[in-house]
Amino acid sequence: MLLVGKKIGFALTGSFCTFKKTIPQISRLIEEGADVLPIMSFNSYNIDSRFGKAKDFINKIETITGKKIIHTIEEAEPIGPKKLTDIMIVAPCSRKYNGKNDKCNYRYSCTNGCKSTFKK
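Note that residues are indexed from 1 along each chain, following the sequence as it is written. With pLDDT at 70 or above as the cut-off, local features in this predicted model cover only qualifying residues; side-chain atom pairs require 80 or more to be listed or tallied, and sums for whole chains, interfaces and linings still use all residues. Excluded from the side-chain calculation are hydrogens and water; included are all heavy atoms of the structure.

1. Focus on the sheet that holds strand β2 (residues 35–40)
Between any two strands, at least two bridges found by DSSP are needed for them to pair. Counting from the N terminus, the helices are DSSP H or I runs at least four residues long and the strands are E runs at least two residues long. Taken together, three strands build an open sheet; the order of strands is β2-β1-β3 and the sheet is parallel. Pairing within the sheet leaves two strands with one partner each, and these edge strands are β2 and β3 (87–91). With direction set aside, neighbouring strand axes in the sheet form an average angle of 20°. Of the pairings in the sheet, the one linking strand β1 (residues 7–12) to β3 comprises five bridges and is parallel in character. Opposite Gly9, over in β3, you have Met88 as the bridge partner. Here an angle of 0 to 180 degrees is reported between the N-to-C directions of two axes, which are lines fitted to C-alpha atoms, with helices fitted over the stretch in contact.

Next comes the structure, spelled out in structure tokens:
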């Protein structure tokens, strides 16, 4: 069990069509021994969609983790400074988001010495 004792922040964004495949991954992490801190964006926490009601997703996640979901900026602010997680998962995480926040910008040559080159 590689994840025993690891604190994982699991943040769901507003791509509702992925929830049925994403939420079971929270269970898998817990089965591997991780302590999962559930986080949802404003939209994913508040908006019902054709893929399901927000309250149903909330209840499922809170049941799986045994924790209340962090869903406001005020609740989320202490996560970094207080080092509440060892790992953060943002799901789904689009290529555009990931590329903007990675040390290697996916549009240009890498600038941090990893010698990767990405085409425009």
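2. Thoughts on the nonpolar core
Each nonpolar core is a collection of buried residues, namely Ala, Val, Leu, Ile, Met, Phe, Trp, Tyr and Cys, held together in the definition by side-chain atoms within 4.5 Å. Accessibility here uses a 1.4 Å probe with only protein chains present; expressed as a share of the type maximum, an area under 20% marks a residue as buried, one over 50% as exposed, and anything in between as partly exposed. Counting 18 residues, the largest nonpolar core has Phe10, Leu12, Phe19, Leu29, Met40 and Ile61 as its most contacted members. For this core, the secondary-structure elements that each account for two or more residues are β1, α1 (19–31), β2 and α3 (54–65). With four residues, α1 is the single largest residue contributor to this core. Each residue touching Met40, except ones within four places of it in the same chain, is listed here: Leu12, Phe19, Tyr45, Ile58, Ile61, Ile69, Ile70 and His71. Membership of the second largest hydrophobic core comes to five residues, among which are Ala11, Ile39, Ile70 and Ile79. The contact definition used throughout considers only heavy atoms, calling two residues in contact when any of these lie within 4.5 Å.

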